[in-house]
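Chain and residue survey
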Amino acid sequence: MAQPHVDAEGPIAEAEAAAAHSSTAQQPLGPLGSPLDRRSPFLIGLSAALGVAVVIAVAQLVTGAADVLILIGVALFVALGLEPVVSWLARRGLRRGTAVALVCVGFIAVLGGFLALAVPPMIEQAATLLQQTPRYLQLLQDRSSTVGQLDARFGLQQHLQQTLADNSSAVINGVLGVGLAILGWLGDTLVVVVLTVYFLATLPAMRRAAYRLAPASRRPRAILIGDAICVRFGGYVLGNVVMSVIAGAATFVWLLVLGVPFALSLAVLVALLDLVPVVGAVIGGAVTTLVALTVSWPVALATAGFFVVYKLLEDYLLMPKIMGRTVDVPAVLTVVAVLIGGALLGVIGAVVAIPVAAAVLLVVQEIVYPRLDRS
């Protein structure tokens, strides 16, 4: 029996005509269709299968592109830190592109001026340190000096010579590895700088796109919470930089007064390490105290006391004045966040741990707790 002929062009022509009539100036792609039946067994199974596939794909993406994602996260973190300055300039009448350009030029100018002032003395001090290495070796053999007494008690020189003799090839490989690491660090820095400029220029559009992912009924509250999180990130970054500069300047003045060698190099080291919360200041103070030990025991003890007093002033005086309540995280949560961040992402994780913890705490206080209280 012959099958009846079915004209496939008829339904398509009707659909094309309906599409032409539904397209308007306000909705060029037509109105939204009716939602799918979420209780359909097929749709439930399809959603579950797609959910599993998406989770697996995201896990593989994060594992395979971890280094790139870290660079993107660092650039976004820096952009959020510079956003308050760009917004301040924009509120003064400047176009956002001009404000971003001024911030970038100002940052490059400050960094270039710092390098121009700090690098030549640091190079000179490093050369002096190399020239004085024989004298330090003589101090190790002089039992009347402080360093010599430590060598007599712990055998520092013997352990150092034994280590170098046993691991000479490892030392050479380590030097080469440091050179390659510096080249890689320069490349990563360039990528972060470029991404930071792009993020600064497009940050309002990125935020609006992220807020569109929230349901319309909850979008206003999502905007308020998202803006509060951005304020916390920006306040933390700028405040942390200011406190690090103060720490470096105070260390430089203290070391100059006591006559500790390599004052500028140690001050720069303390300022950089102070960017790492909790442990950074401790490491910087320990290294500086060890260098002060080459002068005398009283100078070393005084330097250690200086860092203890400064850390207390920084935590209880400078931080509340500079950051205020922008990053209000309990002390226990701060330590836990820094430890977890350092274990996951190293130094970068430790630096970003506190603002991330502040953002999570804000979400818990504003969303999780109210829902639990109503349940």
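What counts, and where the lines are drawn
- Residues numbered from 1 in each chain as written.
- Predicted model: local features only at pLDDT ≥ 70, side-chain atom pairs only at ≥ 80, totals over all residues.
- Heavy atoms only, no water.
- Helix = DSSP H or I, 4+ residues; strand = E, 2+ residues; numbered from the N terminus.
- Contact = heavy atoms within 4.5 Å.
- Areas by Shrake-Rupley, 256 points an atom, 1.4 Å probe, with all protein chains shown as cover.
- pLDDT = per-residue confidence, 0-100.
- Buried < 20%, exposed > 50% of the residue type's maximum accessible area, 1.4 Å probe, protein only.
- Axes fitted to C-alpha atoms, helices over the stretch in contact; angles between N-to-C directions.
- Parallel < 35°, antiparallel > 145°, perpendicular 65-115°, else oblique.
- Nonpolar A, V, L, I, M, F, W, Y, C, P; charged D, E, K, R; others polar.
- Phe/Tyr/Trp six-rings, centres within 6.5 Å; stacked < 30°, edge-to-face > 60°.
- Core = buried A, V, L, I, M, F, W, Y, C linked by side-chain atoms within 4.5 Å.
- Salt bridge = Lys/Arg side-chain N within 4 Å of Asp/Glu carboxyl O.
- Patch = residues over 30% accessible without salt bridge, like charges linked within 9 Å, V, L, I, M, F, W, Y side chains within 5 Å.
- Expected span 1.5 Å × (residues − 1).
- Bend = angle between axes of the 7 residues up to and from the residue.
- Left-handed = near helix turned anticlockwise from the far one by under 90°.

Next up on the list: the overall build of the chain. Looking only at helices and strands, the chain features 13 helices and zero strands. Mapped from its N terminus to its C terminus, the chain presents α and β elements in the order α-α-α-α-α-α-α-α-α-α-α-α-α. Taking the contacts inside the chain whose residues are at least 6 apart along the sequence as the reference set, 64% of them involve residues at least 24 apart. Accessible surface, the chain: about 24800 Å² in total, of which carbon and sulfur atoms supply 72%.

Low-confidence regions, as indicated by low pLDDT, have predicted coordinates that should not be scrutinised in detail. In this model, the chain carries a mean pLDDT of 77, and residues with pLDDT of at least 70 account for 77%. The spread of mean pLDDT over the elements of the chain runs between helix α6 (residues 146-154), the lowest at 54, and helix α9 (residues 219-258), the highest at 87.

Moving on, we come to the environment of Ile225. By the secondary structure assignment, Ile225 is in helix α9. By relative accessible area, which is 12% here, Ile225 ends up buried. Each C-alpha atom of the pair Ile225 and Ala359 lies 9.1 Å from the other, and the pair is 134 residues apart in sequence. Residues in contact with Ile225, not counting those within four places in the same chain, are Leu362, Glu366 and Ile367.

Right, let's talk about the packing of helix α3 (residues 66-91) against α9 for a bit. Relative orientation and spacing of two packed helices are given, respectively, by the angle between their axes and the distance between those axes. Between α3 and α9, the least distance of the axes is 7 Å, while the angle of their chain directions is 90°. For the element pair α3 / α9, the angle class is roughly perpendicular. Across the interface between the two elements, Phe77, Leu80, Gly81, Pro84 and Val85 of α3 pack against Cys230, Phe233, Gly234, Tyr236, Val237 and Leu238 of α9. Residue classes in the contact of α3 with α9 are distributed as nine nonpolar, two polar and no charged.

Moving on, we come to the packing of aromatic side chains. This structure, assessed with the given rule, holds four aromatic pairs. An angle of 75° between the planes, with centres 5.9 Å apart, marks the rings of Phe77 and Phe233 as edge-to-face. Linking Phe77 in helix α3 with Phe233 in helix α9, this pair joins segments that are 156 residues apart in sequence. Note on Phe233: relative accessible area 11%, which makes it buried.

Core analysis: the biggest nonpolar cluster contains 22 residues, and Phe77, Leu80, Ile229, Phe233, Tyr236 and Val338 have the highest contact counts within it. Secondary structure elements with two or more residues in this core: α3, α9 and α13 (331-374). Looking at which element gives the most residues to this core, the answer is α13, with 11 residues. Residues in contact with Ile229, not counting those within four places in the same chain, are Ala359, Leu362 and Val363. In terms of nonpolar packing, the next biggest core, distinct from the first, is built from 14 residues, Leu71, Val74, Leu82 and Phe199 among them.

Applying the stated criterion to the full structure yields four salt bridges. The salt bridge involving Lys311 is made with Glu314; its shortest N-O contact spans 3.4 Å. Here Lys311 pairs with Glu314, and both are found in helix α12 (residues 297-323), just three residues apart, close to one helical turn. Residue Lys311 is classed as partly exposed on the basis of its relative accessible area of 24%.

Another aspect to go through is a nonpolar patch on the surface. Taken together, the side chains of Leu269, Val278, Val279, Ile283, Val287, Val335 and Leu339 present a nonpolar region at the surface, about 510 Å² in accessible area. Tracing the chain through its elements places Val287 in helix α11 (residues 280-292).

For α3, which comprises 26 residues, the first-to-last C-alpha distance of 37 Å matches the rise-based estimate of 38 Å (1.5 Å per residue) to within 8%. At Leu82, α3 shows its largest kink, close to 40°, and the proline Pro84 lies no more than four residues downstream. Among the residues making up α3, those that are buried are Leu71, Val74, Ala75, Phe77, Ala79, Leu80, Gly81, Leu82, Glu83, Val86, Ser87 and Leu89. Where α3 ends, the next residue or the one after it, Gly93, has phi of about 105°, a positive value.

Moving on, we get to the side chain of Thr289. Looking at where Thr289 falls in the secondary structure, it is placed in helix α11. With a relative accessible area of 17%, Thr289 lands in the buried category. With residues up to four places along the chain from it excluded, the contact list for Thr289 reads Ala300, Thr303, Ala304 and Phe307.

So, about α9. Relative to the 58 Å expected for 40 residues at 1.5 Å per residue, α9 spans 58 Å between its end C-alpha atoms, a close match to the ideal helical length. After α9 finishes, the residue Gly259 shows a positive phi value of roughly 75°.

Another aspect to go through is the packing of α3 against α13. Between α3 and α13, whose axes approach to 12 Å, the crossing angle comes to 40°. With respect to their mutual orientation, α3 and α13 come out oblique. Here α3 and α13 pass one another in a crossing that is left-handed. Touching Ile70, Val74 and Phe77 of α3 are Leu345, Ile348, Val351, Val352 and Pro355, all from α13. Among the residues making up the contact of α3 with α13, the classes are represented as eight nonpolar, no polar and no charged.

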